[in-house]
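Spelled out from the first residue to the last, the chains are:
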Amino acid sequence: MLITLGTPTWVHAQPQVGAIDLLPESRQPQRIRKRLTRRSKVSTATIFHPRSLDSTPEEHFPLQTVFTRTSQPRFVNRYDSREILLVVDGSCINNGSLSEQSIGGCSFAYKGAAKSGAIATFPFAALDQTEGGTVGFPLEQVGPGGESHVPSSNRAKLRAVIAALESREWQEEGWNRIVVATDLEYVVFGATRWLATWVKRRWKTRKARQVANRDLWEELHGIISRLARLGTEVSFWLIPPRSGIKKASVLMQDTKDAARDAADMHFDTSAEEFTRLCGIEV
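Reading the values: rules and limits
Residues numbered from 1 in each chain as written. Predicted model: local features only at pLDDT ≥ 70, side-chain atom pairs only at ≥ 80, totals over all residues. Heavy atoms only, no water. Patch = residues over 30% accessible without salt bridge, like charges linked within 9 Å, V, L, I, M, F, W, Y side chains within 5 Å. Areas by Shrake-Rupley, 256 points an atom, 1.4 Å probe, with all protein chains shown as cover. Salt bridge = Lys/Arg side-chain N within 4 Å of Asp/Glu carboxyl O. Lys, Arg positive; Asp, Glu negative; His and termini not counted. Charge placed at Lys NZ, Arg CZ, Asp CG, Glu CD. Helix = DSSP H or I, 4+ residues; strand = E, 2+ residues; numbered from the N terminus. Expected span 1.5 Å × (residues − 1). Buried < 20%, exposed > 50% of the residue type's maximum accessible area, 1.4 Å probe, protein only. Contact = heavy atoms within 4.5 Å. Polar contact = N/O pair within 3.5 Å; in protein donor to acceptor, adjacent residues only side chain to side chain. Bend = angle between axes of the 7 residues up to and from the residue.

**What to know about a positive patch on the surface**
- Where like charges cluster on the molecular surface, the positive patch consists of R201, R206, K207 and R209.
- For R201, the position within the fold is in the loop between helix 3 (185–200) and helix 4 (214–229).

**Focus on helix 2 (residues 153–166)**
- Under the 1.5 Å per step criterion, the end-to-end length of helix 2 is 20 Å for 14 residues, consistent within 8% with the ideal 20 Å.
- For helix 2, the buried fraction is high: 11 of the 14 residues fall into the buried class.
- Here helix 2 has its buried residues at R155, A156, K157, L158, R159, A160, V161, I162, A163, A164 and L165.

**Considerations on the environment of I84**
- With respect to the secondary-structure elements, I84 resides in strand 7 (residues 83–93).
- Its relative accessible area of 1% is what places I84 among the buried residues.
- Discounting residues that sit within four places of it in the chain, I84 has contacts with F61, R74, F75, V76, W170, W175, R177, I178 and V179.

**A few points about the side chain of E83**
- Relative to the assigned elements, E83 resides in strand 7.
- Note on E83: relative accessible area 9%, which makes it buried.
- There is a polar contact of 3.3 Å between the side chain of E83 and the side chain of R177.
- When residues no more than four places from it in sequence are discounted, the contact partners of E83 are F48, F61, F75, V76, N77, W175 and R177.

**Some details on helix 3**
- At W194, helix 3 shows its maximal kink, close to 65 degrees.
- Taken together, the buried positions of helix 3 are Y186, V187, V188, F189, G190, A191, T192, L195, W198 and V199.
- Packed against the buried residues of helix 3 are strand 4 (46–47), helix 2, strand 11 (177–182), helix 4 and strand 12 (233–238).
- In the segment just after helix 3, R202 is the residue with positive phi, at about 60 degrees.

Right under this line is the structure:
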């Protein structure tokens, strides 16, 4: 059970099986952040190409349980039982506004009680919730290094990817590949193509502007690199935002709704500190 003694400080009792444990940066051992420089070896993710261009994420990765790996249901590739799907999304109220406060929400889906992957849980919001297959949480006002950042929809979706990939020790379940589905080119092409170029240019764009969200890109790079070393590949599946596939996907809509709800629920200071989400037998 999670206990809050005020915002933004969160403390937790002994985590329950099936719970999402909250681990604020201030309550963890200090981590050495690896900064990516021009001399760094950059590991990029790969692009996922579906067998059928007309399949929704839940059709290509139906919910099922592979008991040789875990007792929990996962979205497993119908053509390769060694691959699973994570669906991510992010939302930002007053995105890009200079006059009003911007507030972001993030979400990811990794399993579900039904074929749609429905039932969202918001670990920041309440002490007792039904553990579902979709997690919604607020976009923090600071990054993993403690620097403040203005919320944006791009940052919210990138943060959702990080949370989804580190919420479990996925490689311990024996998956060869994790496919992350999103409708945002910024995330997909950033992780698979642009990151290495940004690093070579000293984190500058083609127009010599500073690359946004460097802290989260470096965080994501570390997670992808670690999973690769442990034998699990990370791939990204771009779902065109205005495509029929996205409109037909209940799973993607559920994930989007959870991100919007997470943004709507947090207008105070509860999202100040960068907090890691850890799934306990979920």
